[in-house]
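The chain contents come next:
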Amino acid sequence: MSGLASDGTITGLINKKDERLLIQAIRVLEYLYARASGSPPVMLAALADATTGNTKALSPGQGSLPTLVLRALATARGVPLEAGAEARRELWDAFDVIVDDLASRVLVLNLPAAGRGLGEWLTDAARYGTPFHVTLHQLVTLPVTVHLPLVYVCENPAVLRRAAGELGADSPPLICAEGRPSTAFHRLARLIVNGGGRLLYHGDFDWPGIDMTNQLIGRYGAEPWKMSAEDYLEGLRTEDDHVALSGKARNTSWDPRLSNAMQEHQAAVYEEGVADALLADWGDQL
């Protein structure tokens, strides 16, 4: 370890391979932070090419560079670097870097929007009460604005499908997380909240579902809907086949009794099993 050279650079502390890796990571970060506010999103391959000369250098499985850059971006946001492709896509998206704008999508029902192209398609789909898949590519290339006072969020596509089949165009605006929210989901949720809308969320009564509820509350101020201890216990009474809870117990700050009840009964209640109650509530609003 030789310390600092006469020109102030670090020498002997890292090998040439690590030095090259750090230089590339710094170039990527400098590129991202130098972009003007409001600049259009950049594709991951274009970012990699501009900073390393290799379009695949920041792709998953391409050595340590992607993880090093993502760790720095997570630190900048004050969050841990989570495992999983969708979590990493979401982190890139937070810095307007698009990983795969066609694979990431969100399922919606009756969500009219303003804007050419996508806005027109969403509005037409809402007119007919038909479900519509929105890709991240569409949200990026065909910008929309959403001005709805209230949008419901469900976790499972089966619930949205029933709303479309039984309520059609009379169903309230609904977006679906489809298990784990995608980057497209998060981008659309931000558009709704930025347009003055409130998100009302319902998901599975299991620990991953509760964790997702907490995340949506923290990120968007979402309001749990029909997610009380009473709703859970009613679901237990109406469902015959119960699946045991697994995973780490989570707090339910909106109703502490819910977490207590779930830990007491140690049984999950899935959203599809209480869909009748959800549809009845929406039907009462007609």
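Right above here is the structure, for reference.
Report follows, based on the coordinates. (Residues numbered from 1 in each chain as written. Predicted model: local features only at pLDDT ≥ 70, side-chain atom pairs only at ≥ 80, totals over all residues. Heavy atoms only, no water.)

This model, assessed by the stated rule, comprises 12 salt bridges. Taking the shortest distance from any N to any O, the salt bridge between Arg187 and Asp93 comes out at 2.8 Å. Separated by 94 residues along the polypeptide, Arg187 in helix α8 (residues 183–194) and Asp93 in helix α4 (residues 85–94) bring together distant segments of the chain. (Salt bridge = Lys/Arg side-chain N within 4 Å of Asp/Glu carboxyl O. Helix = DSSP H or I, 4+ residues; strand = E, 2+ residues; numbered from the N terminus.)

Another point: the state of the cysteines. Each disulfide is one covalent bond, formed between the sulfur atoms of two cysteines. One pass over the full model with this rule turns up 0 disulfides. Looking at Cys176, it has no disulfide partner, and the nearest cysteine sulfur is the one in Cys154, 3.8 Å off. (Disulfide = S-S within 2.5 Å.)

Turning next to the sheet that holds strand β6 (residues 174–176). On the basis of which strands lie adjacent, the open sheet formed by 6 strands has the order β4-β3-β6-β5-β7-β8 and mixed pairing. Every interior strand has two partners, whereas the edge strands, β4 (132–135) and β8 (223–224), have only one. Two strands pair when backbone bridges link them, and strand β5 (residues 150–154) and β6 are joined in this way by 3 bridges, in the parallel orientation. Bridge pairing links Cys154 to Cys176 in β6. (Pairing = 2+ DSSP bridges.)

The next subject is the nonpolar core. Residues Val108, Leu111, Ile175 and Leu188 are the most contacted members of the largest nonpolar core, which totals 30 residues. Top element by residues in this core is α8. It accounts for 5 residues. Val28, Leu58, Leu70 and Phe95 belong to the second largest nonpolar core, which has 18 residues in total. (Core = buried A, V, L, I, M, F, W, Y, C linked by side-chain atoms within 4.5 Å. Buried < 20%, exposed > 50% of the residue type's maximum accessible area, 1.4 Å probe, protein only.)

Taken together, the side chains of Leu22, Ile26 and Leu68 define a hydrophobic patch exposed on the protein surface, amounting to about 230 Å² of accessible area. In this structure, Leu22 sits in helix α1 (residues 16–34). (Patch = residues over 30% accessible without salt bridge, like charges linked within 9 Å, V, L, I, M, F, W, Y side chains within 5 Å. Areas by Shrake-Rupley, 256 points an atom, 1.4 Å probe, with all protein chains shown as cover.)

We now examine the packing of aromatic side chains. What the rule picks out here adds up to 5 aromatic pairs. Seen from their ring centres, Tyr152 and Trp282 are 5.5 Å apart, and the 75 degrees between their planes marks the pair as edge-to-face. Of this pair, Tyr152 sits in strand β5 while Trp282 sits in helix α12 (residues 275–284), and the two are 130 residues apart along the sequence. There is no split in this pair, since Tyr152 and Trp282 are both buried. Their ring planes at 15 degrees and their centres at 5.2 Å tell us that Trp225 and Trp282 sit as a pair that is stacked. In this pair, Trp225 is assigned in the loop between β8 and α10 (229–238) and Trp282 in helix α12, connecting sequence segments 57 residues apart. Given the relative accessible area of 9%, Trp225 is considered buried. Members of the aromatic cluster, joined through ring pairs, are Tyr152, Trp225 and Trp282. (Phe/Tyr/Trp six-rings, centres within 6.5 Å; stacked < 30°, edge-to-face > 60°.)

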